[in-house]
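Observations on the model geometry
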Amino acid sequence: MNPRRFALAATLVLAAMAHAQTPLPADASDPRTMGWMQGFPPPADKTIRFTDPDYFSFPRLRWTVCHFRELMPTAGVDRGPGAASALPVALDPGIDAVRFTPLGGDTPMTWAQAFDANTTDGLIVLQHGRIVHERYAGCLDQHTLHGAMSLTKSVTGLLGEVLVAEGALDENARVGALIPELQESAFGDATVREVLDMTTALQFSEDYAEPKAEVWAHAQAGSLLPPPPGYAGPRSYYESLQQIRKSGTHGQVFGYKTPNSDALGWLLARASGKPVHELLAERIWRRIGAEREAFYTVDSIGTPFAGGGFNATLRDLARLGQLILQDGEWNGEQILPPAAIESIKRGGDRGRFARAGYDLLPGWSYRGMWWHSGDAHGSFSARGVHGQALWIDPVADVVIARFASHPVAANAANDPTSLPAWRAVADYLMAHDATPLQGGEWVIEDIAGAGVIDNTRAFLRFLPDGRLAGSATCNRLLGRHESDGADLRLTLAGSTRMLCPPALMHQEARLLDLLPRVARWRIDDTGALWLTTATGETITARR
């Protein structure tokens, strides 16, 4: 076994030993309590180096997840010169007492108890763009950057959906036609969409318990360390992707495999002329008022690790979630195409996902490198090993962002105490919402008693700063809303000017005529929103 493979195997063995025993609880494994890297210099038995085989094994990983930049080369995601965007704070102390029953269990636990049960480093909840809950532990605070692990894949997927929506990347194109270097690999005859949805047929195992699994060769290719004597394998992510072989038929089954994200990162670079970290900075990070520069870890030739190398502050991760919740709109500017967000929100093929055997995720799907829950709220998420999560609930208008250092890598270890917690706190916030107009899209069902044309989609969104957004049927609309109790005033500022068939234009005209005349609102017992003019004409909508 060569030295690099020995180090990887040693990490595996040490991790397995830790998992076979009862891991230290959150308070006892806190890196400050453990004394990792304290002192100048730190004691030898408290020193953590990238070259140590256990640098990413629990409990050391509780320090490592906040210090990747000190351990390895990185590429920054520039935030630009502007000020950080405001995240209003309206903390709700009742959230800690929210109760839920873990999956497969019968003993309820509270939101506060789940924080330590999941070895959480930081947790933030936004409702209507306001911080209603925020808590930190371990190595993390409001200003510290933390590894996002495989949550990175969803960031890469978001950029992919953006380029697809803009026409810069053809989702039906064969990867080999766009990247000739991959023509003879497993990716050669796969489509961009199959890469985005991870339905490629790759001969690639991510079984970390198998020393000969292909994941180790891919990790070795991305290693920054000098190769051992006699090593003739790939030395970059690009070279590793070219050596992955095909096994089966593309497009049949969901298969969660990291090389798909690295292949997408390559596609993004070829389509945009920029590496992933520069593309993210240009399209998102400089435009949402991020508090800090984010970064990616890179391989030996500086290629960003598009499958797991992203690091950011928790608040900036929440900002990213809020941008997606708002369909790519930020402070009145449409910075991402709505079609990109809509593609992610649709979710993927549930049958293909079910065949992958995720027993804890019945009814789920995967699209654009995002996990779609299939629940009544259309909630979807980004997920990473050791508990990283970004949960978006469009109906509750809630974003939940978490960084963690759970002792077990697999999400199945924390899903039972995470997924029901997300839903419980969203339900709690909806039940105690003082501004129920705000939140997800109100899809219009009737305009002045004439109904709406089948398969058309008109909707309204009441944003927390008084802005109104939505679709009038064919065109997007913008405006303002102002309410005082049951009184409501809507002011339209404008709309796009796309032409569509006469019947749709007529429906749009009726809606645009009624909206400025709305005088009152109410939500009935069925959850329907009624907007009523002074002369009694009504618009009804539902989430």
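A few points on the structure. Note that this is a predicted model, so its numbers are computed, not measured.

**Description of the overall build of the protein**
If you tally the helices and strands in the protein, you get 17 helices and 23 strands. For the protein, whose C-alpha radius of gyration is 24 Å, the value lies close to the compact-globule estimate of 24 Å for 543 residues. If one aligns the C-alpha atoms of the protein with their principal axes, the spans along those axes are about 85 × 55 × 50 Å. Taking all 543 residues of the protein together, 56% fall into the buried category. At a minimum sequence separation of 6, the contacts of the protein that also span at least 24 residues come to 63%. For the protein, the exposed area adds up to about 22,000 Å²; of that, 54% sits on carbon and sulfur atoms.

**Some points on the state of the cysteines**
One pass over the full model with this rule turns up 2 disulfides. Sulfur-sulfur distance for the disulfide between Cys 66 and Cys 139 comes to 2.0 Å. Judged by the sign of its S-S torsion, about 65°, the cystine formed by Cys 66 and Cys 139 is right-handed. Residue Cys 66 is located in the loop between helix 3 (61-64) and helix 4 (68-71), and its partner Cys 139 is located in the loop between strand 5 (130-136) and strand 6 (146-147); the two are separated by 73 residues in the primary sequence. Relative accessible area serves as the criterion here: at 9%, Cys 66 is assigned to the buried category. The exposure class assigned to Cys 139 is buried, which follows from its relative accessible area of 16%. Listing the disulfide partners of the protein by sequence rank of the bonded cysteines yields 1-2, 3-4.

**Describing the nonpolar core**
Counting 117 residues, the largest nonpolar core has Trp 111, Leu 158, Ile 284 and Phe 310 as its most contacted members. For this core, the leading source of residues is helix 16 (residues 419-431), giving 8 residues.

**What to know about the sheet that holds strand 8 (residues 310-312)**
Strands sit in the order 1-7-8-6 across an open sheet of 4 strands; the sheet is antiparallel. Only two strands of the sheet have a single neighbouring strand rather than two, namely strand 1 (74-77) and strand 6.

**Structural notes on the packing of aromatic side chains**
Taken as a whole, this structure holds 21 aromatic pairs when the rule is applied. Ring geometry for Phe 254 and Tyr 366: centres 4.6 Å apart, planes at 40°, overall tilted. Taken together, the residues Phe 254 in the loop between helix 10 (237-242) and helix 11 (259-272) and Tyr 366 in strand 11 (residues 365-367) connect sequence positions 112 residues apart. Judged by centre distance (6.0 Å) and plane angle (85°), the rings of Phe 353 and Trp 371 are edge-to-face. Within this pair, whereas Phe 353 is found in helix 15 (residues 350-354), its partner Trp 371 is found in strand 12 (residues 370-372), the two being separated by 18 residues in sequence. Using a relative accessible area of 3% as the deciding quantity, one classes Phe 353 as buried. Through a chain of ring-to-ring contacts, three or more aromatic side chains come together here, namely Phe 254, Tyr 256, Phe 353, Tyr 358, Tyr 366 and Trp 371. The lysine or arginine in question, Arg 135, covers the ring of Phe 115, its NZ or CZ lying 3.8 Å from the ring centre.

**Details of the side chain of Asp 327**
In this structure, Asp 327 sits in the loop between helix 13 (314-325) and strand 9 (329-330). At a separation of 3.1 Å, a polar atom in the side chain of Asp 327 contacts the side chain of Lys 345.

**Describing unusual backbone geometry**
Across residues other than glycine, the phi torsion is negative in most instances, and most of the peptide bonds are trans. Going from Phe 40 to Pro 41, the amide bond is cis rather than trans, its omega being 5°. For Pro 41, the position within the fold is in the loop between helix 2 (31-34) and helix 3. Of note, the amide linkage connecting Phe 58 to Pro 59 takes the cis form, showing an omega dihedral of 10°. Within the secondary structure layout, Pro 59 lies in the loop between helix 2 and helix 3.

**Quick word on the environment of Ala 217**
Examined against the element boundaries, Ala 217 turns out to sit in helix 9 (residues 214-221). The class of Ala 217 is partly exposed, set by a relative accessible area of 35%.

**Describing the environment of His 218**
Summarising the element assignment, His 218 is placed in helix 9. Residue classification places His 218 among the buried positions, given a relative accessible area of 5%. Apart from residues lying up to four places away in sequence, His 218 is in contact with Phe 204, Tyr 237, Ser 240, Leu 241, Pro 259 and Asp 262. Side chain to side chain, His 218 and Asp 262 meet in a polar contact 2.8 Å long.

**A look at the pairing of strand 21 (residues 518-523)**
Pairing between strand 21 and strand 22 (residues 529-533): 5 bridges, direction antiparallel. Looking at the pairing, Val 518 lines up with Thr 533 of strand 22. In this structure, the hairpin formed by strand 21 and strand 22 is closed by a connection of 5 residues, where Gly 527 is found at a positive phi of approximately 90°.

**Re the sheet that holds strand 14 (residues 388-393)**
Here we have 7 strands laid out as an open sheet, ordered 5-4-15-14-13-12-11, and antiparallel in their pairing. With partners counted over all chains shown, the strands left at the sheet margins are strand 5 and strand 11, one partner each. When the angles between neighbouring strand axes are averaged without regard to direction, this sheet yields 20°. This element, helix 13, spans strand 4 (120-127), strand 5, strand 12, strand 13 (380-384), strand 14 and strand 15 (398-404) of the sheet and lies at about 150° to strand 15. Of the strands in this sheet, strand 11, strand 12 and strand 13 touch helix 14 (residues 338-346), which is tilted by about 50° from strand 12.

**As for the pattern of salt bridges**
For the structure on display, the rule yields 31 salt bridges. Between Arg 286 and Asp 78 there is a salt bridge; the shortest N-O distance is 2.9 Å. Here Arg 286, found in the loop between helix 12 (276-285) and strand 7 (294-297), pairs with Asp 78, found in the loop between strand 1 and strand 2 (99-100); they are 208 residues apart in sequence, far enough to count as distant. On the basis of relative accessible area, Asp 78 is assigned to the partly exposed category, the value being 33%. Among the ionic pairs, Asp 487 bridges to Arg 520, the shortest N-O distance being 2.9 Å. One end of the pair, Asp 487, is in strand 20 (residues 487-495); the other, Arg 520, is in strand 21, with 33 residues separating them in the sequence. Judged by its relative accessible area of 37%, Asp 487 is partly exposed. With relative accessibility at 45%, the residue Arg 520 sits in the partly exposed group.

**Overview of the pairing of strand 17 (residues 459-462)**
On strand 17, burial covers both faces: Phe 459 and Arg 461 on one face and Leu 460 and Phe 462 on the other are all buried. In this antiparallel pair of consecutive strands, strand 17 and strand 18 (residues 467-471), the connection spans 4 residues, and Gly 466 shows a positive phi of 90°.

**Structural notes on helix 17 (residues 502-514)**
Look at helix 17: 18 Å from first C-alpha to last across 13 residues, which is about the 18 Å you get at 1.5 Å a residue. Along helix 17, the positions that sit buried rather than exposed are Leu 504, Gln 507, Glu 508, Leu 511 and Leu 514. The buried residues of helix 17 occupy an angular sector of 130° when the element is viewed end-on, so they sit on one face. For helix 17, the exposed residues set more than 90 degrees away from the buried face come down to Pro 502 and His 506. Buried residues belonging to helix 17 abut strand 16 (442-447), strand 18, strand 21, strand 22 and strand 23 (538-542).

Conventions adopted
- Residues numbered from 1 in each chain as written.
- Predicted model: local features only at pLDDT ≥ 70, side-chain atom pairs only at ≥ 80, totals over all residues.
- Heavy atoms only, no water.
- Helix = DSSP H or I, 4+ residues; strand = E, 2+ residues; numbered from the N terminus.
- Rg over C-alpha atoms; globule rule 2.2 N^0.38 Å.
- Buried < 20%, exposed > 50% of the residue type's maximum accessible area, 1.4 Å probe, protein only.
- Contact = heavy atoms within 4.5 Å.
- Areas by Shrake-Rupley, 256 points an atom, 1.4 Å probe, with all protein chains shown as cover.
- Disulfide = S-S within 2.5 Å.
- Core = buried A, V, L, I, M, F, W, Y, C linked by side-chain atoms within 4.5 Å.
- Pairing = 2+ DSSP bridges.
- Phe/Tyr/Trp six-rings, centres within 6.5 Å; stacked < 30°, edge-to-face > 60°.
- Lys NZ or Arg CZ within 6 Å of the ring centre and 35° of its normal.
- Polar contact = N/O pair within 3.5 Å; in protein donor to acceptor, adjacent residues only side chain to side chain.
- Axes fitted to C-alpha atoms, helices over the stretch in contact; angles between N-to-C directions.
- Salt bridge = Lys/Arg side-chain N within 4 Å of Asp/Glu carboxyl O.
- Expected span 1.5 Å × (residues − 1).
- Arc of directions from axis to C-beta.

These values are about where atoms sit, not about what they do.
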